[in-house]
Amino acid sequence: MTLAPDRLDRLRSLEDGHFWSVGRDRLTSELIDRFEMTGPFVDAGAGTGTYAAGLQPPRVWFDRGPVGPGGVRADVTSMPFADESVGTVLL
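Bear in mind that the values here come from a model prediction, so they are computed numbers and not experimental data.

The subject of this paragraph is the overall build of the chain. The secondary structure content of the chain amounts to 3 helices and 4 strands. Listing each helix as α and each strand as β along the chain from the N terminus yields α-α-β-α-β-β-β. For the chain, whose C-alpha radius of gyration is 13 Å, the value lies close to the compact-globule estimate of 12 Å for 91 residues. Dimensions of the chain along its principal axes, counting C-alpha atoms only, are 35 × 30 × 20 Å. In the chain, buried positions account for 27% of the 91 residues. Across the chain, every contact between residues at least 6 apart in sequence was considered, and the portion connecting residues at least 24 apart equals 38%. A total accessible area of about 6,200 Å² is found for the chain, and carbon and sulfur atoms account for 55% of it. Averaging the locations of the 9 positively and 13 negatively charged side chains of the chain gives two centres separated by 7 Å.

Right, here's the structure in full:
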């Protein structure tokens, strides 16, 4: 499902304090640290890109629908990256 830009803005405004986003972000950060995942990081299906923006550079986020600033509009079946150019992919 693709979100209209106004719905994406509303979602972005809710993410900071919502239990789902806070918990997901904490768990993801702990897993990245525990398994010593390295960049470049790609967050596929990132929606607003809020989580990916907090990752260590280099990082990129993309989604099929509208993306936040710095994001790339692309489909996960045709990721715009060269083979073996990415360290960690988050979905």
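Having put the structure on the table, let's press on.
If you trace the backbone, threonine 48 turns up in the loop between β1 (41–44) and α3 (50–53). Only 2.7 Å separates the side chain of threonine 48 from the side chain of glutamate 15, close enough to count as a polar contact.

Of the consecutive residues glycine 39 and proline 40, the connecting peptide bond is found in the cis state with omega at 0°. Tracing the backbone shows proline 40 in the loop between α2 (19–34) and β1. Across the junction of proline 57 and proline 58, the peptide omega takes the value -5°, indicating a cis bond. Within the secondary structure layout, proline 58 lies in the loop between α3 and β2 (59–63).

In space, the 4 strands of this open sheet follow the order β3-β2-β1-β4, with parallel pairing throughout. The sheet is open, and its two edges are formed by β3 (72–73) and β4 (88–90), each paired on a single side. Where β1 and β4 come together, 3 bridges link them in parallel fashion. Along β4, the bridge assignment pairs phenylalanine 41 with threonine 88.

To continue, consider the nonpolar core. Ile32, Phe41, Ala46, Tyr51, Ala52, Leu55, Trp61 and Leu90 form the largest nonpolar core, which has 8 residues in total. Setting aside residues up to four positions removed in sequence, leucine 90 forms contacts with Thr28, Ile32, Val42, Asp43, Ala44, Tyr51 and Leu55. Grouped together as the second largest cluster of nonpolar side chains are 5 residues, Val42, Ala44, Val60 and Phe62 included.

Before going further, it helps to examine the pattern of salt bridges. Side chains carrying opposite charge are able to pair once their charged atoms draw close together. Here the structure, examined in full by the defined rule, presents 2 salt bridges. Of the charged contacts in the structure, one is a salt bridge between arginine 12 and aspartate 9, with a shortest N-O distance of 2.8 Å. One end of the pair is arginine 12 and the other is aspartate 9, both in helix α1 (residues 5–15) and 3 residues apart, which spans about a single turn. The partly exposed category is assigned to arginine 12, whose relative accessible area is 28%.

So, how was this worked out
Residues numbered from 1 in each chain as written. Predicted model: local features only at pLDDT ≥ 70, side-chain atom pairs only at ≥ 80, totals over all residues. Heavy atoms only, no water. Helix = DSSP H or I, 4+ residues; strand = E, 2+ residues; numbered from the N terminus. Rg over C-alpha atoms; globule rule 2.2 N^0.38 Å. Buried < 20%, exposed > 50% of the residue type's maximum accessible area, 1.4 Å probe, protein only. Contact = heavy atoms within 4.5 Å. Areas by Shrake-Rupley, 256 points an atom, 1.4 Å probe, with all protein chains shown as cover. Lys, Arg positive; Asp, Glu negative; His and termini not counted. Charge placed at Lys NZ, Arg CZ, Asp CG, Glu CD. Polar contact = N/O pair within 3.5 Å; in protein donor to acceptor, adjacent residues only side chain to side chain. Pairing = 2+ DSSP bridges. Core = buried A, V, L, I, M, F, W, Y, C linked by side-chain atoms within 4.5 Å. Salt bridge = Lys/Arg side-chain N within 4 Å of Asp/Glu carboxyl O.

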